[in-house]
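This is what each chain is made of:
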Amino acid sequence: AVIERPELQDIYLNSLPTGIVQNGDGVKSYTKDPHNGTITVQLDSGKKIAGDVLIGADGIWSAVRANMRGEPVRGDGSGATYSGYTVFAGELN
């Protein structure tokens, strides 16, 4: 099954209490406590947030994926490569 990104974002956002999602402050890194499983996120601003789940929906140059795999965010070894396909999306009324 295929689900469009905006629809998936709406599903996530509509299932969470207001104020939980924080935009505009990128994920620099994260750690997982081996004893209780708590995820602690270090944001670009220096702020730290702890929780049970981290959803890495930060796009093709995902800092979350790079941290999880121990890979660079961009370039060789990043796990993100151009597939050769270009997609144009639009909406007609």
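On a predicted model such as this, the values are computed, not experimentally measured, just so you know.

For Arg65, the location among the structural elements is in helix α2 (residues 63–69). The buried charged residue Arg65 lacks any salt bridge partner; its closest oppositely charged side chain belongs to Glu71, at an N-O distance of 4.5 Å. Dropping the residues within four chain positions of it, Arg65 is found in contact with Gly59, Ile60, Val73, Ser78 and Ala80.

A few words on the environment of Gln42. Its location among the elements puts Gln42 in strand β2 (residues 39–43). Once the C-alpha coordinates of Gln42 and Lys28 are considered, the two residues, 14 residues apart in sequence, prove to be 5.6 Å apart. Dropping the residues within four chain positions of it, Gln42 is found in contact with Gly26, Val27, Lys28, Ser29, Lys47 and Lys48.

Let us look at the nonpolar core. Counting residues in hydrophobic clusters, the biggest one holds five residues: Tyr30, Ile39, Val41, Leu43 and Val64. Tallying contributions element by element places β2 first for this core, with three residues. In contact with Leu43, other than residues within four places in its own chain, are Gln22, Asp25, Gly26, Val27, Lys28 and Ile49.

With that out of the way, let us pick up the pairing of β2. Residues of β2 alternate between two faces, with Ile39, Val41 and Leu43 buried on one and Thr40 and Gln42 left unburied on the opposite face. In this structure, strand β1 (residues 27–32) lies alongside β2, joined through five bridges in antiparallel fashion. Residue Ser29 lies in a different strand from β2, and its bridge partner there is Gln42. Counting the residues between successive antiparallel strands, the hairpin from β1 to β2 contains six residues, one of them, Gly37, with a positive phi of roughly 80°. With four bridges connecting them, β2 and strand β3 (residues 48–51) associate as antiparallel partners. Note on β3: the bridge partner recorded for Gln42 is Lys48. Hairpin connection between β2 and β3: a loop of four residues separates the two successive antiparallel strands, and Gly46 in this loop has a positive phi of roughly 100°.

Let's shift gears to the environment of Ala50. As for its position among the elements, Ala50 is in strand β3. Between the C-alpha atom of Ala50 and that of Gly77, which follows or precedes it by 27 residues, the distance is 29 Å. With sequence-adjacent residues up to four places away left out, Ala50 is seen in contact with Thr38, Ile39 and Thr40.

So, how was this worked out
- Residues numbered from 1 in each chain as written.
- Predicted model: local features only at pLDDT ≥ 70, side-chain atom pairs only at ≥ 80, totals over all residues.
- Heavy atoms only, no water.
- Helix = DSSP H or I, 4+ residues; strand = E, 2+ residues; numbered from the N terminus.
- Buried < 20%, exposed > 50% of the residue type's maximum accessible area, 1.4 Å probe, protein only.
- Lys, Arg positive; Asp, Glu negative; His and termini not counted.
- Salt bridge = Lys/Arg side-chain N within 4 Å of Asp/Glu carboxyl O.
- Contact = heavy atoms within 4.5 Å.
- Core = buried A, V, L, I, M, F, W, Y, C linked by side-chain atoms within 4.5 Å.
- Pairing = 2+ DSSP bridges.

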